[in-house]
Amino acid sequence: MKLSITLIALCFVPIVWGQILNQGGDTLQVHSKAILDLQLRLSTVEHLRNEDELRIADLAKRQLIDQRRIADLEEQQQIDDSRISDLVNKRDEDNRTIADLEKNRQDDQQRIADLEKKRQNDQQRVADLEKKRQNDQQRIADLDKQQRVFEHRIADLEKNPRDGDQRRLTNTQNQQHRRHVVSHHRFPFNSLTNSTTHMADGRRMPSVRKTRSVGTYPGNSELAGPTLETINQGIKKRVSTDNQGMVAFYAVLTHSIKPVANLIEIRFDRVITNIGGSYSGNTGTFTCTHAGVYVFSWTVHVDPRYMYTELVKNGVMVGSAFSGDSPYSGIGGGTVVVQLDQGDEVWVRVEFHVSGSYIYVDRHTTTFSGFLLQ
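All figures in this text were calculated on a predicted structure; none of them were measured in a lab. (Residues numbered from 1 in each chain as written. Predicted model: local features only at pLDDT ≥ 70, side-chain atom pairs only at ≥ 80, totals over all residues. Heavy atoms only, no water.)

Now for the overall build of the chain. Counting secondary structure elements, the chain contains 5 helices and 13 strands. Counting across all 374 residues of the chain, residues that qualify as buried make up 24%. The contacts of the chain with a sequence gap of at least 6 include a subset with a gap of at least 24, amounting to 70%. A total of about 26600 Å² of accessible surface is found on the chain, and carbon and sulfur atoms cover 52% of it. (Helix = DSSP H or I, 4+ residues; strand = E, 2+ residues; numbered from the N terminus. Buried < 20%, exposed > 50% of the residue type's maximum accessible area, 1.4 Å probe, protein only. Contact = heavy atoms within 4.5 Å. Areas by Shrake-Rupley, 256 points an atom, 1.4 Å probe, with all protein chains shown as cover.)

Structure (structure tokens):
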């Protein structure tokens, strides 16, 4: 194409040149300048065209690169979307985990509070047990001391038996003695009076008490009193002979004990029933005079806290009871069946008490009783 243009231009050059020669030198110069301008313009256009083709090729190359980049970005976007979805799911799981952990933390705090409360209770219990252990140690020391006393007492009894055991009369001897007395004396009608013994279970047993007066009614010597035999016949109708050898007692506390100390003996001072005379209201101790199986019961009225009491045989605890720990005051007690030998001693004492508590007396609510079972 360039060659064609060049040939055409060359063909016109002589024509133009001739005209120029004809018209003069000025015209030639004008046309020469125009031709030079055209050539320069043609060269510039050609150069611009080449640059445009290079630019187009470069743009096409860049377009391909951009398309590949767009494809990579779209792929990366899909990856990012998938990752975002995974992160959202993971965040939801983390929120649920946080909620569970928060709930567990609250549960742990509640458990810590419960354990702290339990620890305080355990500390209080440990303190109570420590105090009880000290009391037990004191009790062991007292028991050791009592054991040594009993050993000395047993040794003394083995060397020197009690006179009362040798002087006891049998039932047959007592009856013979009474017949001998009746054969020589007569008693006035009022010389024998009836009395009533209250049993621990509420029953009443009639008994006979002899006065000191002996003889006939004053002012009426003709009216003789009944003999001991006739009275015994009346007694036999009311009292079974099985009551012979019976041992039973019932005693109550008539005054409050305040303050209270551990291991003190409770002396039930008012004796209501004491068949056999084995219980002492002064010492609060039952001394066995007939070997056998015995039943003992006791109740203690405590105010305002609580305490433990125990039944003691020869210094050794054989039964324990809890009393108190109510909104006002509380009564508690126990019952024990125990084998006793002659000379054994049984009493009730305070085992352990809470500070401020004391033994409260109201209407025979603190009692001690026992009887020979067999």
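Looking at the chain, pLDDT values average 77 and 70% of them are 70 or higher. Counting contacts from residues 162-226, a segment whose pLDDT is below 50, to residues more than four positions away or on other chains yields 81 contacts. Contacts from residues 237-241, a stretch scored under 50 in pLDDT, to residues over four places away or in other chains number 3 contacts. (pLDDT = per-residue confidence, 0-100.)

This brings us to the sheet that holds strand 5 (residues 279-280). The 5 strands lie next to each other as 5-6-11-8-9, forming an open sheet whose pairing is antiparallel. Of all strands in the sheet, those bounded by a partner on one side alone are strand 5 and strand 9 (316-324). Here strand 8 (residues 306-313) pairs with strand 9 via 8 bridges, running antiparallel. Note on strand 9: the bridge partner recorded for Tyr308 is Phe322. (Pairing = 2+ DSSP bridges.)

Inspection of the secondary structure puts Thr285 in strand 6 (residues 285-287). Of note is the side chain of Thr285, whose polar atom sits 2.9 Å from the side chain of Glu265. (Polar contact = N/O pair within 3.5 Å; in protein donor to acceptor, adjacent residues only side chain to side chain.)

Tracing the chain through its elements places Asn262 in the loop between strand 3 (248-252) and strand 4 (270-275). One polar contact links Asn262 to His353, side chain to side chain, over a distance of 2.6 Å. Setting aside chain neighbours within four positions, we find Asn262 in contact with Asn135, Val350, Glu351, Phe352 and His353.

To continue, consider the pattern of salt bridges. Under the definition given, this model contains 6 salt bridges. For Arg105, the salt bridge identified is with Glu102, shortest N-O distance 2.5 Å. Pair noted here: Arg105 and Glu102 are both in helix 2 (residues 25-159), with a separation of 3 residues, about one helical turn. Measuring nitrogen to oxygen at the nearest pair gives 2.6 Å for the salt bridge that ties Glu310 to Arg349. Residue Glu310 is located in strand 8, and its partner Arg349 is located in strand 11 (residues 345-353); the two are separated by 39 residues in the primary sequence. Across this residue pair, the class does not change: Glu310 and Arg349 are buried. (Salt bridge = Lys/Arg side-chain N within 4 Å of Asp/Glu carboxyl O.)

Before going further, it helps to examine the nonpolar core. Core analysis: the largest hydrophobic core is formed by 28 residues, its most contacted members being Ile266, Phe286, Phe296, Ile359 and Phe368. Breaking this core down by element, the ones donating at least two residues are strand 3, strand 7 (292-303), strand 8, strand 10 (330-340), strand 11 and strand 12 (358-359). Residues within four places of Ile266 in sequence aside, it is in contact with Leu253, Ile257, Gly284, Val300, Thr309, Val348, Arg349, Val350 and Ile359. (Core = buried A, V, L, I, M, F, W, Y, C linked by side-chain atoms within 4.5 Å.)

Moving on, we get to the pairing of strand 7. Most of strand 7 is tucked away, with 9 of its 12 residues classed as buried. Pairing geometry for strand 7 and strand 10, over 11 bridges, is antiparallel. Of the residues in strand 10, the one forming a bridge with Val302 is Gly330. Across 6 bridges, strand 7 lies against strand 13 (residues 367-372) in antiparallel orientation. When the bridges of strand 13 are listed, Trp298 appears paired with Phe368. Where strand 7 meets strand 12, 2 bridges bridge the pair, whose relative direction is antiparallel. Across the sheet, Asp303 pairs through a bridge with Tyr358, a residue of strand 12.

This part is about the environment of Thr299. Considering the arrangement of structural elements, one finds Thr299 in strand 7. Remark: the alpha-carbon pair of Thr299 and Phe368, spanning 69 residues in sequence, is separated by 6.7 Å. Apart from the residues within four sequence positions on either side, Thr299 is in contact with Phe268, Ile331, Gly332, Gly333, Thr365, Thr366 and Thr367. A polar atom in the side chain of Thr299 sits 3.0 Å from the backbone oxygen of Thr365. A distance of 2.8 Å separates the side chain of Thr299 from the side chain of Thr367, its partner in a polar contact.

All right, on to the packing of aromatic side chains then. Tallied over the entire structure, the rule returns 13 aromatic pairs. Each ring, one from Phe268 and one from Phe368, has its centre 5.4 Å from the other, and the planes form 40°; the classification is tilted. Residue Phe268 is found in the loop between strand 3 and strand 4, and its partner Phe368 is found in strand 13; the two are separated by 100 residues along the sequence. Judged by relative accessible area, which is 0%, Phe268 ranks as buried. Consider the rings of Tyr306 and Phe322, whose centres lie 5.4 Å apart with planes at 35°: the pair is tilted. Placement of the pair is Tyr306 in strand 8 and Phe322 in strand 9, with a sequence separation of 16 residues. (Phe/Tyr/Trp six-rings, centres within 6.5 Å; stacked < 30°, edge-to-face > 60°.)

Together, Val337, Phe371 and Leu373 give the surface a local cluster of nonpolar side chains, amounting to about 290 Å² of exposed area. One can find Val337 in strand 10. (Patch = residues over 30% accessible without salt bridge, like charges linked within 9 Å, V, L, I, M, F, W, Y side chains within 5 Å.)

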